[in-house]
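Report on the structure
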Amino acid sequence: MIFVEAKGAKIPAVGLGTWEMRGRACARVVEQALRLGYRHIDTAEMYDNEREVGEGLHASGVKRKDVWVTTKVWQSHLSPHDLERSTKESLARMRLTEVDLLLIHWPNPQIPLAETIGALCKMKSVGYARHIGVSNFTVPLLQEAAALATEPLVTNQIEWHPYLDQSAVVAQTRRLGMAVIAYSPIARGRAAGDATLKSIGATHQKSAGQVCLRFLIQEGAAVIPRTSKVERLTENLSIFDFELSAAEMAQIRKLAQPSGRIVDWGGAPKWD
């Protein structure tokens with residue numbers, strides 16, 4: 001495993017995303033992933049699976065200090081009182097005393113960002129989160145959040161895959177000394193059938209999905225692909241024994257398109 005580092009945080013570069021995973025199946029996949037060598041698990045209040053993620057974590061036998069656990073506070077709980085209550089409830093569901101990373105899941109223009117960032121920083125200062133950050137923040141919002149924060153913001157978690165050009169927000173994230181974590185890194189399976197990625201994969205005896213993940217790793221991101229299949233868990237970890245050439249990286253960057261976004265922002269209020 002390699003790590004992405006920012007402001008004292010050392011984030012395992014490949015993690016398990018758990019969006020849409022529920023019940024005993026979720027707990028089993030988390031347990032299996034940790035037994036296979038994963039050391040980064042990503043969940044959220046909104047996923048409604050924190051209890052099962054905690055069950056898988058505790059059943060795995062892996063020491064707590066060796067696993068990076070991320071959760072996120074939903075956008076309707078970003079007032080100071082609600083954010084603290086949400087954080088405590090997330091910890092209780094997972095049976096943890098702290099998370100490694102606590103994120104604002106989506107910004108909410110109905111709640112002053114200063115209040116939200118202040119409450120988020122408090123969660124770090126009182127010990128509920130070792131590190132804090134944001135998710136789905138735009139370039140101007142990142143700048144504003146960084147200016148308001150009294151504790152280091154270590155990451156911006158965003159949708160990022162070859163079909164979506166995120167160069168502007170990635171550049172701003174890095175200007176602020178923050179790491180980027182890419183969710184939906186295989187574009188929810190779209191990459192698997194991509195002719196360009198399959199062709200490059202054939203050169204390295206790797207799948208299109210592995211090429212996709214390796215591309216993001218070489219771009220400096222951490223990735224959190226979601227899968228419920230054990231064989232895919234192993235495949236997604238097996239991306240550190242090859243390297244894409246500069247020409248291959250450039251070829252993959254050309255796959256980006258204006259309609260490349262997969263996650264629908266319709267349910268998330270936008271900021272001006």
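Here's a quick rundown of the structure. (Residues numbered from 1 in each chain as written. Predicted model: local features only at pLDDT ≥ 70, side-chain atom pairs only at ≥ 80, totals over all residues. Heavy atoms only, no water.)

On the surface, a cluster of nonpolar side chains totalling about 330 Å² of accessible area is made up of M1, I2, F3 and F240. Here I2 shows up in the segment before strand 1 (3-6). (Patch = residues over 30% accessible without salt bridge, like charges linked within 9 Å, V, L, I, M, F, W, Y side chains within 5 Å. Areas by Shrake-Rupley, 256 points an atom, 1.4 Å probe, with all protein chains shown as cover. Salt bridge = Lys/Arg side-chain N within 4 Å of Asp/Glu carboxyl O. Helix = DSSP H or I, 4+ residues; strand = E, 2+ residues; numbered from the N terminus.)

Within an α-helix, residues lying three or four positions from one another point in the same direction, as the helix has 3.6 residues per turn. With 14 residues, helix 1 (residues 23-36) should reach 20 Å at 1.5 Å per residue; the first-to-last C-alpha distance of 20 Å fits that figure. Those residues of helix 1 hidden inside the fold are in contact with strand 3 (16-17), strand 4 (40-42), helix 2 (50-60) and helix 9 (230-237). Just beyond helix 1, the residue with positive phi is G37, at close to 120°. (Expected span 1.5 Å × (residues − 1). Contact = heavy atoms within 4.5 Å.)

As for its position among the elements, V67 is in the loop between helix 2 and strand 5 (68-73). Between the C-alpha atoms of V67 and S199, which are 132 residues apart in sequence, the distance is 35 Å.

A few words now on the packing of helix 7 (residues 195-204) against helix 10 (residues 246-253). Packing of helix 7 against helix 10 brings their axes to within 10 Å, and their N-to-C directions diverge by 160°. Considered as vectors, helix 7 and helix 10 are oriented roughly antiparallel to each other. Crossing angle aside, the handedness with which helix 7 passes helix 10 is left-handed. Judged by residue contacts, T196, L197, I200, T203 and H204 of helix 7 engage E248, Q251 and I252 from helix 10. Its residues assigned to classes, the contact of helix 7 with helix 10 comprises 3 nonpolar, 4 polar and 1 charged. (Axes fitted to C-alpha atoms, helices over the stretch in contact; angles between N-to-C directions. Parallel < 35°, antiparallel > 145°, perpendicular 65-115°, else oblique. Left-handed = near helix turned anticlockwise from the far one by under 90°. Nonpolar A, V, L, I, M, F, W, Y, C, P; charged D, E, K, R; others polar.)

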